[in-house]
Amino acid sequence: MPPITRRDFLKLAALTGGAAAMGSTQKFGIETLTQGRSLAASPDQKGVIIFVFDAMTARDLSVYGYPRATTPNLERLAARSTVFHAHNSAGNYTTPGTASLLTGTYPWTHRALNISGLIARKYVNNNLFHAFGKSFHRIAYSQNIYVTYQLDQFGEDVDELINPEAFSVVDQVIGSNFSHDRDAAYRAFDDFLTENSEIPASLVFGLISRLLLRRQLALYKNTDYPAGPPRTSNYSLFFQLKDVMDGVLEHLKRTSSALPRLAYYHLWAPHGPYRPTPQFANTFIDNYKPNTKPAHRFANDISTSDLRTHRSHYDEYIANVDNEFGRILDFMEKDGLLEKNYLVITSDHGEMFERGEDGHITPLLFDPVIHSPLIISSPGQTSRTDITTATSSVDVLPTLLSLAGQKIPDWCEGQLLPGLGGTFDAQRSTFTVEAKTNPAFAPITKATVAMRKGSYKLIYYTGYEGEASFELYDHETDLEEMNDLYPKQPAIAKTLRAELLDTLLSVNNKIKS
Amino acid sequence: MVIFNRLPKLSQIASVYAVIVLVIYIWTILWSFWKLPSWLFFLSIGEILTIYAYSFATNLLESLLILCLPLGLGVILPRKWFLDVFVSRGVIVVLSVLGFAAYILTQFNSREDYPGNIIRLFPIVLLASLVVAFFVGRVKFLTRAIDFISEQATVFLFISIPLSLLALLVILVRVIF
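Computed from a predicted model, the values in this text were never measured in an experiment.

Student: So what exactly am I meant to see when it comes to the nonpolar core here?
Tutor: Generally speaking, nonpolar side chains in soluble globular proteins are found buried as a group. All names here are of chain A. Among the nonpolar cores identified, the biggest contains 119 residues, and Phe51, Leu252, Phe325 and Leu343 are the most heavily contacted of them. Once you skip the residues sitting within four places of it in the chain, Phe325 turns out to touch Phe51, Phe53, Leu74, Leu77, Met245, Leu343 and Ile345. Formed by 37 residues, the second largest nonpolar core is a distinct cluster that contains Ala131, Ala140, Val147 and Tyr264.

Student: Would you take a moment to explain the side chain of Glu316 of chain A for this structure?
Tutor: Here Glu316 of chain A is to be found in helix α11 (residues 304-335). Not counting residues up to four positions away in its chain, the partners in contact with Glu316 of chain A are Pro276, Phe280, Ala281, Asn282, Thr283 and Phe284 of chain A.

Student: I keep staring at the pairing of strand β17 (residues 469-474) of chain A and nothing clicks. Help me out?
Tutor: Here is the key point about a regular strand: its side chains alternate between the two faces of the sheet. Residue and element names in this part refer to chain A. Within β17, 6 of the 6 residues are buried, which leaves the element mostly enclosed by the surrounding structure. Here β17 shows no split at all, with Ser469, Glu471 and Tyr473 on one side and Phe470, Leu472 and Asp474 on the other all buried. Sheet topology note: the strand β16 (residues 456-462)/β17 ladder contains 6 bridges and is antiparallel. What sits directly across from Ile459, in β17, is Glu471. Counted along the chain from β16 to the antiparallel partner β17, the turn is 6 residues long, and its residue Gly463 has a positive phi close to 90°.

Student: Hey, could you run me through the pairing of strand β8 (residues 261-267) of chain A in this one?
Tutor: Residue and element names in this part refer to chain A. With 7 of 7 residues buried, β8 is to be regarded as a mostly interior element. Burial of the side chains of β8 extends over both faces: Arg261, Ala263, Tyr265 and Leu267 are buried on one face and Leu262, Tyr264 and His266 on the other. Relative to β8, strand β2 (residues 47-53) runs parallel, the two being bridged by 6 bridges. Residue Phe53 lies in a different strand from β8, and its bridge partner there is Leu267. Where strand β4 (residues 137-142) and β8 come together, 6 bridges link them in parallel fashion. The residue of β8 that forms the bridge with Arg138 is Leu262.

The rules behind these values
Residues numbered from 1 in each chain as written. Chains lettered and ligands numbered in written order. Predicted model: local features only at pLDDT ≥ 70, side-chain atom pairs only at ≥ 80, totals over all residues. Heavy atoms only, no water. Core = buried A, V, L, I, M, F, W, Y, C linked by side-chain atoms within 4.5 Å. Buried < 20%, exposed > 50% of the residue type's maximum accessible area, 1.4 Å probe, protein only. Contact = heavy atoms within 4.5 Å. Helix = DSSP H or I, 4+ residues; strand = E, 2+ residues; numbered from the N terminus. Pairing = 2+ DSSP bridges.

What follows is the structure, given as structure tokens:
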């Protein structure tokens, strides 16, 4: 018997009056799909709630020892969680970083390499939601439309997909109106015809939509955001952090499926532009001076003082995000959600303010831009466990499946996280891939690849101007990555280089074949 | 009906519409060339063609919207002022409006600013274009030149209209099913 499709179900629901049972979800623009499946679930089956804070580097979080008090609420959560201290994202910007998190595979496998790229069409069923299966109520929300592209690719694997603009104060996301063809509509309208970041390709509607949007913004008044509300940097979506957290909070309260939930909330903040409320603005005008590092040849030559200013704003925005998240944590503690669910806090990638570079759209893969937080609170956990072994975002999917008692699929490239079923493996290598200007359908020839093995990290730059080059750092003695060991420790460099190049050759051969 | 008596001949409408089509479609196609290299990096040919389908369907709607402007002026203004020399005067007006729209689009310096001082000039631009159109309509040489060029442009309608209708059909199928 062929599987029941979404459309089949909707037709059936309309015929039998079952549509009424779906309830009204118009308020948040939520598309609810409760497919024809058994609602029976084990009463002790735990759910999983994942919060992804876009562009949140672990390096600027006080929960990881950062001297500025940016995350008191995450510290509170960490007191009852497993905290991973050397967790690396598999990508340094949203598309590959999130795709690795959601598919448990490296960017060279899922191929979501480019800024608004997609997961290779033949692998779209290899995702977190599909792997958890229909015995979970699978919810997904992302303010970042690049992630929504991927969530849309997963199609019926997501039971409830909340529109990116759901909790916004001002927005103009036309693609969301095309529920049957959202991905193409986002790309055609919001990324091309009426786009806000470049000159729109539609001369008339592009202008009209832009004028309407600016008019709405001109009318927006809120003392929390005198310079205008925070916004996403890629689409016309303006929000108040409080509203977004309220929206998520309401959704957490409202979801009342008989099934355990698998909820994925991907929040834009603290991604730039950093716009903290007055309560947090200018709170980090202090004497903190991070190490000054020499400018990198691939950096944008941003001055040290500018980098420090940007970092302070970023830190203030993180403190703002943490404060808002504190309300969600309060609710989860009070409501007992932490006893019924695994709570995962992580990021898709980090952010850097050093070596003449800020942000994360960069060929550089230094620690701040790939070192993501990973905090997992297990139901009933009462004490903190710290894991210092290097881990990767591809490990999250198999670990969550294992914790939820689900089968780990063979396509998954990650391992179980130490402390949550996995073991310490000193010989294991993890990778981060930056290849935004490399075609997704071709072998990787223009990229930066970082390989972490034990305490060593080898970075390989290939395809850029000048010769291919390597850098080698030992995190045990040099977490700041100041001392390039590549010319100084040739034996280790040779071994690691051979492994990295062999791995790259192997994945490229797969693409060629 | 009175309004239908105030509409120009179909051939005249086609000439003005052809100029609108030329500007609107070319604007989109040129910007697509800027995007195309990145699309080719990660989208399949089918996915790229879908973006073009949305674009051409949108272009069809916006070109029809702009066509309402000279048609409306033809209805509102005295016959001798506009309708008698519909093609050349209509072309001048739509080119002015579309040119001004293109200019405004280049004047947004950030994602949030509102170039109100420029936008407030729109009635003046429209009025100026009407004045220019009126005088151009009195110069035989210019009228003939504009008529000739816009008539030649109608050949593009034989491409744009079927293409846009096909695009619209494709989108309807994708959106409904």
